Amino acid sequence: MSVSPALLDRIMAVMEAAFDPAYGEAWNRRQVADALSMPSTHTLVVDCDGMLIGADDASDRTAGGFVLSRHVLDEEELLLIAVSPDARRRGVGAALIEQLFAAALARGTARIFLEMRRGNPAIHLYRKFGFEPIGERRNYYRMANGERIDAITFARSIQ
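Residues numbered from 1 in each chain as written. Predicted model: local features only at pLDDT ≥ 70, side-chain atom pairs only at ≥ 80, totals over all residues. Heavy atoms only, no water.

### What about the overall build of the chain?
So, point 1. What the chain contains, in helices and strands, is four helices and six strands.
So, point 2. Listing every helix and strand of the chain by position from the N terminus yields α-α-β-β-β-α-β-α-β-β.
So, point 3. Its C-alpha radius of gyration of 15 Å places the chain within 12% of the 15 Å reference for a compact globule of 159 residues.
So, point 4. Overall, the chain is about 45 × 40 × 30 Å in size when its C-alpha atoms are taken along their principal axes.
So, point 5. Going through the 159 residues of the chain one by one, you find that 44% of them count as buried.
So, point 6. At a minimum sequence separation of 6, the contacts of the chain that also span at least 24 residues come to 59%.
So, point 7. Of the accessible surface of the chain, which amounts to about 8400 Å², a share of 51% is contributed by carbon and sulfur atoms. (Helix = DSSP H or I, 4+ residues; strand = E, 2+ residues; numbered from the N terminus. Rg over C-alpha atoms; globule rule 2.2 N^0.38 Å. Buried < 20%, exposed > 50% of the residue type's maximum accessible area, 1.4 Å probe, protein only. Contact = heavy atoms within 4.5 Å. Areas by Shrake-Rupley, 256 points an atom, 1.4 Å probe, with all protein chains shown as cover.)

### Some words on the nonpolar core
So, point 1. Grouped together as the largest cluster of nonpolar side chains are 24 residues, with contacts concentrated most on Leu78, Ile112 and Phe131.
So, point 2. Residue assignment for this core shows that the elements contributing at least two residues are strand 1 (41-47), strand 3 (75-83), helix 3 (92-106), strand 4 (111-117) and strand 6 (148-157).
So, point 3. What Leu78 contacts, discounting residues up to four positions off in sequence, is Val67, Leu68, Ser69, Ile97, Leu100, Ile112, Phe113 and Leu114.
So, point 4. If you look at the next biggest cluster of nonpolar residues, it comprises 19 residues, including Met12, Val32, Leu36 and Leu80. (Core = buried A, V, L, I, M, F, W, Y, C linked by side-chain atoms within 4.5 Å.)

### Overview of the pairing of strand 6
So, point 1. Strand 6 sits mainly inside the fold: seven of its ten residues count as buried.
So, point 2. Note: strand 4 against strand 6, seven bridges, orientation antiparallel. Bridged to Arg111 within strand 6 is Ser157.
So, point 3. Judged from the seven bridges that link them, strand 5 (residues 132-142) and strand 6 form a sheet pairing that is antiparallel. Its bridge partner being in strand 6, Tyr141 is matched across the sheet by Ile149.
So, point 4. Adjacent in sequence and paired antiparallel, strand 5 and strand 6 are bridged by five residues, among which Gly146 carries a positive phi angle near 95°. (Pairing = 2+ DSSP bridges.)

Right under this line is the structure:
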């Protein structure tokens, strides 16, 4: 999937606002563009009301959040999900997950996986949508201060 510069700008604006630099989770513009240049990688971008922003939307709507995923065979990996701080607690994260489920189903996905650092408050959103822990990687993530944090892998069937 190729992404327009305007959509990439919206993704990066959310990325820069949403991720705490202490955890090193944010991707840079090149990483996002490279990932989206692969046909198996997909993105959904929504405004602050959870409404989808199309790839060629030239309006001045501000992005409230985005999701990046990668589809392989009948599985989808949620690579990144981010909600801008000013759009949190307004259903934007839920709208992204619901739209991801619909798009993944249309691609023939049976199961969605994700990985997060232990202590990530997004766990409540994932649990709300039926994701269950299936594995753990000890000391997987390294914070900016050198501290190590476990990774937890979650999965959910969607068919």
